[in-house]
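# Working through the structure, step by step
As a plain string of letters, each chain reads:
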Amino acid sequence: MTFARDAWYCAAFATEIGDVPIARRILGEPIMLVRDTAGAVRAIGDRCPHRFAPLHLGTRDADTIECPYHGLKFDLGGACIFNPHGQGRIPAAARLPSYPVAERDGVIWLWPGDATLADEGEIPDLQLIDRGDRTPVSGYLAMSVDYRLVLDNLMDLSHAAYIHAGTLSPSRAKRESQYDSDDNSIRVHTQMRDVPTPSSQALYFAHAKGDYHSDIEWVFPGTLRQRLAMTDTGGEPDDGAVTRNAHLITPETDHSTHYFWIHTRNRRMDDTAIDERTRAIITNAFRTEDEPMIAACQDYMDGREFFSLQPLYLETDYAGTRCRRAIEKRIAGETRGVTPVEPRLERAG
Amino acid sequence: MTFARDAWYCAAFATEIGDVPIARRILGEPIMLVRDTAGAVRAIGDRCPHRFAPLHLGTRDADTIECPYHGLKFDLGGACIFNPHGQGRIPAAARLPSYPVAERDGVIWLWPGDATLADEGEIPDLQLIDRGDRTPVSGYLAMSVDYRLVLDNLMDLSHAAYIHAGTLSPSRAKRESQYDSDDNSIRVHTQMRDVPTPSSQALYFAHAKGDYHSDIEWVFPGTLRQRLAMTDTGGEPDDGAVTRNAHLITPETDHSTHYFWIHTRNRRMDDTAIDERTRAIITNAFRTEDEPMIAACQDYMDGREFFSLQPLYLETDYAGTRCRRAIEKRIAGETRGVTPVEPRLERAG
Amino acid sequence: MTFARDAWYCAAFATEIGDVPIARRILGEPIMLVRDTAGAVRAIGDRCPHRFAPLHLGTRDADTIECPYHGLKFDLGGACIFNPHGQGRIPAAARLPSYPVAERDGVIWLWPGDATLADEGEIPDLQLIDRGDRTPVSGYLAMSVDYRLVLDNLMDLSHAAYIHAGTLSPSRAKRESQYDSDDNSIRVHTQMRDVPTPSSQALYFAHAKGDYHSDIEWVFPGTLRQRLAMTDTGGEPDDGAVTRNAHLITPETDHSTHYFWIHTRNRRMDDTAIDERTRAIITNAFRTEDEPMIAACQDYMDGREFFSLQPLYLETDYAGTRCRRAIEKRIAGETRGVTPVEPRLERAG
């Protein structure tokens with residue numbers, strides 16, 4: 001198995017989901033996301049159990065969706081409630097998977113695994129800077145790569161000094177990093193002393209040089225919380241220009257990944273020109289620097305499993321390697337053999 | 001095996017085949033179709049047994065075709081009749097498969113299986129309305145889907161009330177269906193009473209409402225004969241505006257399908273404006289409604305076998321399921337292990 | 001195995017390689033080619049052993065290359081010489097494969113196999129006509145086909161009378177061929193008597209007809225040396241308009257091929273208009289006649305192994321078949337199991 005299923009993943013930004021159903025693959029499963037008439041987000045399988053048509057293309061009527069192919073109607077909990085054909089009997093197997101969802105921090109969290117294990121208390125707090133009712137800067141990237149290569153990228157930010165030199169990070173500066181971790185999370189603390197201010201921070205930090213503090217924490221399975229602080233040389237991070245960022249990494253399939261990001265800052269918070277400039281810098285970095293590099297690495301892996309290629313282990317790989325091993329351990333602990341995409345339907349009719 | 005080979009399939013419309021050879025994959029086999037100097041359609045393998053070049057790109061000279069790569073010449077029965085090289089000896093194995101063909105109802109029927117079993121008496125009569133020397137309305141669709149999903153689509157026309165609502169079919173109307181079948185064919189009779197006239201019938205049926213009668217018959221392996229009649233409410237089908245249609249479904253490969261259709265009507269038969277309008281309505285429905293839906297279903301099957309996904313069985317699936325089971329039974333009965341695309345050539349030279 | 005590895009292959013034209021590294025797949029392996037500060041061509045693996053990033057995209061500094069992703073530095077012999085992270089320790093496994101290369105006849109020869117076996121004395125002399133300091137006419141074609149189908153094409157030039165009729169070869173003329181061979185090379189001598197001058201030769205041979213002499217020799221694994229002579233009828237080849245050509249066939253992957261060609265002539269050697277015209281004729285023939293035909297043959301092979309399809313054997317297949325068998329024998333003789341693309345790296349760090 002490639003994925004840990006019993007876990008909360010970001011399925012969408014809250015603003016993406018409205019009255020019109022959308023479809024999204026998450027951990028390989030086709031899922032329909034929509035708001036019910038009470039405004040709550042609901043997530044059910046998008047694949048009709050009859051002939052596998054995409055339900056989100058069907059007709060929505062209050063809290064029901066009618067299959068666009070042959071007209072079976074389902075409620076938003078996944079139960080079939082109407083069969084327009086013949087005697088109209090509804091087979092017992094006429095059910096869609098239904099997924100626990102929760103809306104927090106502007107994010108729709110979804111639990112693709114065993115629903116009886118879903119505990120909303122385990123949804124990570126994104127620890128963003130409170131912007132009141134203003135929307136944070138955020139973005140989305142569809143990546144044609146294995147999600148674990150994206151986690152590797154984020155857990156070893158030393159790459160920023162090379163592929164994001166000058167924009168997101170000082171170039172080739174000396175980094176000091178400390179690590180700590182438990183079974184469920186890994187934290188990397190990095191300092192760079194007296195370095196030139198990168199252009200992303202220069203938008204709201206006025207000095208040409210300073211200390212750069214980066215803290216990033218991975219929380220199982222795909223949440224990364226990042227605090228970046230730029231201070232005067234020798235200053236305390238909390239006194240500086242601080243951004244808090246979330247990187248939410250959700251496998252779409254075993255070879256593609258949803259990357260959601262959110263960025264908040266504590267300086268010049270109302271300046272929408274800085275919002276736009278920040279969005280442009282981050283989007284450009286992720287699309288033209290990270291994504292092509294990760295895709296090139298995956299291409300050179302020639303379809304082989306990561307560890308089978310015996311990657312060179314450097315000190316900076318501590319966090320990424322621990323993250324991979326933690327996910328593997330969780331997958332091994334999920335002992336059930338059947339995934340919810342293929343419920344064992346009894347034959348009916 | 002995915003295909004029944006010992007059977008007649010539509011290979012082409014008769015009007016497609018002329019003096020210039022064309023190539024078409026049928027049941028995975030590359031086949032060259034051409035008319036001989038007497039005007040008869042001939043079908044031989046398109047793959048030269050020497051180096052596998054496509055023969056249809058070669059030079060035709062009377063009833064021979066010269067391979068475009070190295071110049072071997074074959075007659076239209078598949079025998080090699082000239083080797084331009086060295087001593088000119090023709091290896092015994094220098095043969096192409098030759099396929100029984102017949103021209104009926106404007107269609108080229110081809111038998112891809114054991115030629116000794118081919119009986120032209122088994123070619124189904126398409127039961128079209130006689131148009132004298134006028135060409136019926138017809139069309140072709142290349143579909144990137146398993147042919148059995150296309151048969152499923154046609155054997156359960158309840159889908160028309162959803163994806164073709166108002167154009168080919170009344171919308172969401174109450175249908176009454178009866179079924180009967182034997183080993184080789186399945187018939188579905190459906191009535192909808194006092195329904196709005198769909199736009200396809202409104203071209204030649206003047207009333208806004210009426211009774212809609214649909215009879216469709218599958219004949220092994222891929223022929224569907226359909227009679228649609230629109231009558232005044234309570235009228236007899238034979239007195240109404242009647243169309244007779246053929247849907248000819250031929251596997252191209254195990255994941256793609258040739259769909260040929262022919263449409264005839266008994267009203268305003270000489271009105272070529274109605275011909276054009278009919279062609280547009282049907283083409284639009286098949287291309288923009290059926291094909292994307294069937295392709296979406298196939299996509300959601302993720303490469304898995306249909307029954308392994310335990311599709312929900314509804315009453316309306318009786319005919320489609322029987323059709324799949326009848327084809328499976330025929331395939332199981334074809335005991336020979338070698339397909340004609342790979343004749344066991346002796347080594348020569 | 002598809003490839004013989006212990007052999008010299010053309011990796012590039014010498015003019016392609018300069019100070020800026022380029023990447024090329026050869027026998028499936030990603031290789032970086034660059035000139036060192038002394039002007040010598042160097043070839044090392046392009047895949048960083050750390051996270052598999054493409055090194056050629058990195059920063060070159062004198063005779064080092066810095067990985068674009070995390071900054072490891074390598075010398076042009078493949079040794080890691082700098083680790084910018086943590087304590088800076090360089091793991092013993094931090095090495096890239098290094099490939100023997102040699103520059104001869106304007107070609108970069110590369111040995112992808114066991115470097116201890118590489119003997120520059122085995123690099124074939126291309127036997128081109130000396131043009132002094134003038135660049136010969138040459139070209140490159142990226143082909144999406146198995147390299148052995150390209151060798152088949154060249155070892156049986158009888159195809160030229162069909163797909164290159166009138167341009168590169170007289171049309172359908174009577175050919176007389178003789179063959180001789182040893183373990184490492186195969187020669188085909190062909191004469192066509194009193195034939196029309198093809199347009200490629202007409203550029204520098206003034207008579208409308210003459211004798212056409214073709215000698216082509218395959219040298220293991222992918223070098224073809226060809227002498228074409230057009231003479232007055234009954235003349236001696238050495239007195240005629242002679243071209244000497246090299247065709248250098250290098251597998252890129254198991255389904256794609258690098259095709260390098262070089263053309264020299266002994267008539268009107270300084271006429272650059274003839275150079276241009278020759279380049280256009282050859283490029284056109286290879287791109288629009290050979291490549292589509294070979295690709296069509298491969299397509300009709302449906303992914304199956306060549307001999308499993310029991311290709312018809314004609315007299316003209318003698319050389320191509322011997323060539324395939326000679327390569328197979330060499331592959332069988334390469335007993336080591338590990339290819340240099342996957343060195344067994346010890347875990348470090």
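The name an unreviewed UniProt entry assigns to chain A is Aromatic ring-hydroxylating dioxygenase subunit alpha, from the organism Sphingomonas liriopis.

## Regarding the overall build of chain A
Scanning chain A for helices and strands turns up five helices and 18 strands. Taking 2.2 N^0.38 as the reference for a compact globule, 349 residues should give roughly 20 Å; the C-alpha atoms of chain A span a radius of gyration of 22 Å, in line with that estimate. By principal-axis analysis of the C-alpha atoms, chain A measures approximately 80 × 50 × 35 Å. Counting only residues that meet the buried cut, chain A has 58% of its 349 residues in that class. Within chain A, contacts between residues separated by at least 24 positions form 56% of all contacts whose residues are at least 6 apart in sequence. Summed over its atoms, the accessible surface of chain A is roughly 13,700 Å², and 49% of this surface lies on carbon and sulfur atoms.

## A word on the interface of chain B and chain A
Taken together, the 31 residues of chain B in the interface contact 37 residues of chain A. Summing both partners gives a buried area of about 3,000 Å² for chain B against chain A, and 54% of it is carried by carbon and sulfur. Together, B:Tyr162, B:Tyr300 and B:Leu312 form the three largest contributors to the area buried by chain B at its contact with chain A, with a combined 27%. Summed over the shared surface of chain B and chain A, the number is five salt bridges. One salt bridge in this structure joins A:Arg51 and B:Asp317, with 3.4 Å as the shortest N-O distance. Applying the counting criterion to the chain B and chain A interface returns 11 residue pairs in polar contact (both at pLDDT 80 or more). If you list the elements that add at least two residues to the side of chain B that touches chain A, you get α1 (147–155), α2 (160–163), α4 (272–300) and α5 (318–333) of chain B. With six residues, α4(B) is the largest single contributor of residues to the side of chain B that touches chain A. Among the residues forming the side of chain B that touches chain A, the class breakdown is 15 nonpolar, six polar and 10 charged.

## What to know about the relation of the copies chain C and chain B
By a simple turn and slide, chain C fits onto chain B: the slide is 0.0 Å along the axis, the RMSD is 0.0 Å, and the turn is 120°. Read as a symmetry element, the transformation amounts to a three-fold axis. Closest approach to the rotation axis among the C-alpha atoms of chain C is made by C:Gly303, whose C-alpha sits 11 Å away.

## Concerning α5(B)
Residue and element names in this part refer to chain B. Here α5 is 16 residues long and its end C-alpha atoms lie 23 Å apart, about the 22 Å a rise of 1.5 Å per residue gives. All of the buried residues along α5 are Ala319, Gly320, Thr321, Cys323, Arg324, Ala326, Ile327 and Ile331. Those residues of α5 that are buried are in contact with α1, β13 (176–182), β14 (185–196) and β15 (209–219).

## Here we look at the UniProt feature "domain: Rieske" (unreviewed entry) in chain A
The residues that UniProt annotates with the feature "domain: Rieske" (unreviewed entry) are residues 8–110 of chain A. Note that residues 8–110 of chain A is 0% helix and 43% strand, and that its end C-alpha atoms are spaced 5 Å apart.

## Some thoughts on the state of the cysteines
Taken as a whole, this structure holds zero disulfides over all chains when the rule is applied. Cysteine B:Cys67 is unpaired, with the sulfur of B:Cys48 as its nearest cysteine sulfur at 3.9 Å.

## Remarks on the packing of aromatic side chains
Per the stated rule, a full pass over the model turns up 30 aromatic pairs over all chains. Measuring from ring centre to ring centre gives 6.1 Å for A:Trp261 and A:Phe286, while their planes differ by 85°; the resulting arrangement is edge-to-face. Placement of the pair is A:Trp261 in strand β18 (residues 256–265) and A:Phe286 in helix α4 (residues 272–300), with a sequence separation of 25 residues. Taken as a pair, A:Trp261 and A:Phe286 share a single burial class, namely buried. In this structure an aromatic cluster arises from ring pairing among A:Phe13, A:Tyr140 and A:Phe260. The aromatic ring of A:Tyr140 is capped on one face by A:Arg24, whose charged end is 5.6 Å from the ring centroid. Directly above the ring of C:Phe306 sits C:Arg324, whose terminal nitrogen or CZ lies 3.8 Å from the centroid.

## Thoughts on the interface of chain C and chain B
Interface size, as often reported, equals the accessible area lost upon joining of the parts. The interface is formed by 31 residues belonging to chain C together with 36 residues belonging to chain B. Roughly 3,000 Å² is buried in total at the junction of chain C and chain B, and carbon and sulfur atoms are behind 54% of that figure. Looking only at chain C, the three residues that lose the most surface to chain B are C:Tyr162, C:Tyr300 and C:Leu312, adding up to 27% of its buried area. If you look at where chain C meets chain B, you find five salt bridges.

## Section: α4(B)
Each α-helix winds once per 3.6 residues, and so residues spaced three or four apart point in a common direction. Residue and element names in this part refer to chain B. Between its first and last C-alpha atoms α4 spans 41 Å; for 29 residues at 1.5 Å apiece the expected length is 42 Å, and the two agree. Of all bends in α4, the biggest is about 30°, found at Asp290, and the proline Pro292 comes one to four residues later. Capping the start of α4 is the job of one residue whose side-chain oxygen sits 3.0 Å from the backbone nitrogen of Ala273: Asp271.

Cut-offs and rules
- Residues numbered from 1 in each chain as written.
- Chains lettered and ligands numbered in written order.
- Predicted model: local features only at pLDDT ≥ 70, side-chain atom pairs only at ≥ 80, totals over all residues.
- Heavy atoms only, no water.
- Helix = DSSP H or I, 4+ residues; strand = E, 2+ residues; numbered from the N terminus.
- Rg over C-alpha atoms; globule rule 2.2 N^0.38 Å.
- Buried < 20%, exposed > 50% of the residue type's maximum accessible area, 1.4 Å probe, protein only.
- Contact = heavy atoms within 4.5 Å.
- Areas by Shrake-Rupley, 256 points an atom, 1.4 Å probe, with all protein chains shown as cover.
- Buried area = accessible area lost by both parts, 1.4 Å probe.
- Salt bridge = Lys/Arg side-chain N within 4 Å of Asp/Glu carboxyl O.
- Polar contact = N/O pair within 3.5 Å; in protein donor to acceptor, adjacent residues only side chain to side chain.
- Nonpolar A, V, L, I, M, F, W, Y, C, P; charged D, E, K, R; others polar.
- Least-squares fit on C-alpha atoms with pLDDT ≥ 70 in both.
- Expected span 1.5 Å × (residues − 1).
- UniProt positions renumbered as here; feature names shortened; annotations may be inferred.
- Disulfide = S-S within 2.5 Å.
- Phe/Tyr/Trp six-rings, centres within 6.5 Å; stacked < 30°, edge-to-face > 60°.
- Lys NZ or Arg CZ within 6 Å of the ring centre and 35° of its normal.
- Bend = angle between axes of the 7 residues up to and from the residue.

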